[in-house]
Amino acid sequence: MKPLSRFSYRSSIGAKILFWFLVINVATCGLLAWRMYDISRDSLEQTVQTSLQVVAKKKVEQLENLTLEKIRTVESLMHSPSIGDAVRDFSAALRGGNKGAQAYRQAIAKHGSNLGRLADTFNYVECALIAPNGDILYDTGLKHFNENFFKGSFQKTELSDAVERSRTLLQAEISAFQIYPEMKEPASFIVGPVLDNGVVVAIIVFQLNNSELFGVINDYTGLGETGEVLVAARIARDQIVIVNPLRHSADKPFSIQTPLTGSVYPALANALAGVHGS
């Protein structure tokens, strides 16, 4: 073999070795980069999920604390002498006449401002006193509270269910949200029995302030610019509804409904079924 040919042969082998070395090196670097990306993506997803779980847990705790606070305020009124006096005076006035009678007007003058202050102090919207037979002893403006509670439009509602539980269990109860006639927004109520020597003489009813509740729900701390909070309730055996107003939607509360099975919100469906969503 001539020296030039031998040099060309050696150069050709060297080029091939260099080429395959570069190919293997590039492929190795590519696989390594892909693996690092995959690990980083999984780590980022895990971090985001953990962060969302922390936010969700904190939100649940805030709602539980708010609920317990409301229950304690009503339980403190169940044995209140001033509430007991109001029930007796309104009951006596209605036994002797109607809501237009002088005795009833005197009862309003004596107790109306106090009941209104209670609602304002604890950030409730409205207040009412219901007799055990369903007669409305007094209300500060609740819709449809001008009729017998157990015979009017509140029959078979979330509020009537809460009242029945409260009378039976002798404790404060909170109703689920529901849209009631002539109310523009869904409403939730907290109720409690007014007791006299262990006997239920009335039920006190407060309408919860949606702004206070939605203020807790729609606090987007930790959710960035696009994060969303959804609170759902089951309104039928196979239907769920979004209770709260959404950050990026003009839909009103209770206007978004979806089937429980095959829901567009599978995490909510899982949560309502008693399992953790994801």
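Residues numbered from 1 in each chain as written. Predicted model: local features only at pLDDT ≥ 70, side-chain atom pairs only at ≥ 80, totals over all residues. Heavy atoms only, no water.

Take the side chain of Ser160 next. Checked against the element boundaries, Ser160 lands in helix α4 (residues 158–169). Those residues in contact with Ser160 that lie beyond four places of it in its chain are Phe149, Phe154 and Gln155. (Helix = DSSP H or I, 4+ residues; strand = E, 2+ residues; numbered from the N terminus. Contact = heavy atoms within 4.5 Å.)

We now examine unusual backbone geometry. A negative phi angle is the norm for most residues apart from glycine, just as the trans form is the norm for most peptide bonds. For Leu170, which is not a glycine, the phi torsion comes out positive at approximately 55°. Residue position: Leu170 is located in the loop between α4 and β3 (173–174). Since its relative accessible area comes to 37%, Leu170 is described here as partly exposed. A positive phi angle, near 55°, is found at Asn197, a position not held by glycine. (Buried < 20%, exposed > 50% of the residue type's maximum accessible area, 1.4 Å probe, protein only.)

Look at helix α3 (residues 102–121): 29 Å from first C-alpha to last across 20 residues, which is about the 28 Å you get at 1.5 Å a residue. The principal kink in α3, of about 45°, is found at His111. Turning to α3, its buried residues are Tyr104, Ala107, His111, Gly112, Leu115, Gly116, Leu118 and Ala119. Downstream of α3 by a residue or two, Asn123 has a phi angle that is positive, lying close to 60°. (Expected span 1.5 Å × (residues − 1). Bend = angle between axes of the 7 residues up to and from the residue.)

For the structure on display, the rule yields six salt bridges. Between Asp85 and Arg88 there is a salt bridge, with its nearest N and O atoms 2.5 Å apart. On the criterion of helical spacing, the pair formed by Asp85 and Arg88 is a turn pair, its members being three residues apart in helix α2 (residues 81–95). Lys110 is the salt-bridge partner of Asp89, the closest N and O atoms lying 3.2 Å from each other. (Salt bridge = Lys/Arg side-chain N within 4 Å of Asp/Glu carboxyl O.)

Moving on, we come to the side chain of Glu173. Inspection of the secondary structure puts Glu173 in strand β3. Classification of Glu173 as buried rests on a relative accessible area of 12%. Within polar-contact distance, the side chain of Glu173 engages the side chain of Arg165 at 3.2 Å. Here Gln171 takes part through its side chain, which lies 2.7 Å from a polar atom of the side chain of Glu173. (Polar contact = N/O pair within 3.5 Å; in protein donor to acceptor, adjacent residues only side chain to side chain.)

Before going further, it helps to examine the packing of α2 against α3. At a minimum axis distance of 9 Å, the contact between α2 and α3 shows a crossing angle of 150°. Relative to α3, the element α2 lies roughly antiparallel. Here α2 and α3 pass one another in a crossing that is left-handed. Here Ser82, Ile83, Asp85, Ala86, Asp89, Phe90, Ala93 and Leu94 of α2 lie close against α3, whose contacting residues are Ala103, Tyr104, Ala107, Ile108, Lys110, His111, Asn114, Leu115 and Leu118. Of the residues belonging to the contact of α2 with α3, the class tally is 11 nonpolar, three polar and three charged. (Axes fitted to C-alpha atoms, helices over the stretch in contact; angles between N-to-C directions. Parallel < 35°, antiparallel > 145°, perpendicular 65-115°, else oblique. Left-handed = near helix turned anticlockwise from the far one by under 90°. Nonpolar A, V, L, I, M, F, W, Y, C, P; charged D, E, K, R; others polar.)

Time to look at α2. In a regular helix each residue adds 1.5 Å, so 15 residues correspond to 21 Å; α2 covers 21 Å between its end C-alpha atoms and thus fits that length. Residues of α2 that are buried: Ile83, Gly84, Ala86, Val87, Phe90, Ser91 and Ala93.

Here the focus is the sheet that holds strand β2 (residues 136–139). Taken in spatial order, the five strands make up an open sheet running β2-β1-β5-β4-β3, and their pairing is antiparallel. The open sheet terminates on both sides in strands that have one partner only, identified here as β2 and β3. Looking at chain direction, β3 and strand β4 (residues 189–196) are connected through two bridges and run antiparallel. Note that in β4 the partner of Ile174 across the bridge is Ile190. Sheet strands in contact with α3 are β1 (124–130), β2 and β5 (199–208), and its direction is about 55° off that of β2. (Pairing = 2+ DSSP bridges.)

Together, Leu32, Met36 and Ile39 give the surface a local cluster of nonpolar side chains, amounting to about 300 Å² of exposed area. Here Met36 shows up in helix α1 (residues 3–77). Residue class for Met36 comes out partly exposed when judged on its relative accessible area of 48%. (Patch = residues over 30% accessible without salt bridge, like charges linked within 9 Å, V, L, I, M, F, W, Y side chains within 5 Å. Areas by Shrake-Rupley, 256 points an atom, 1.4 Å probe, with all protein chains shown as cover.)

In this structure, Ile83, Phe90, Leu115, Leu129, Ile204 and Phe206 are the most contacted members of the largest nonpolar core, which totals 26 residues. Those elements that place two or more of their residues in this core are α1, α2, α3, β1, β2, β4 and β5. When sequence neighbours within four positions are dropped, the list of residues in contact with Leu115 reads Ile83, Phe90, Cys127, Leu129 and Tyr138. Among the nonpolar cores identified, the runner-up in size contains 15 residues, and Ile130, Ala162, Ala187 and Ile203 belong to it. (Core = buried A, V, L, I, M, F, W, Y, C linked by side-chain atoms within 4.5 Å.)

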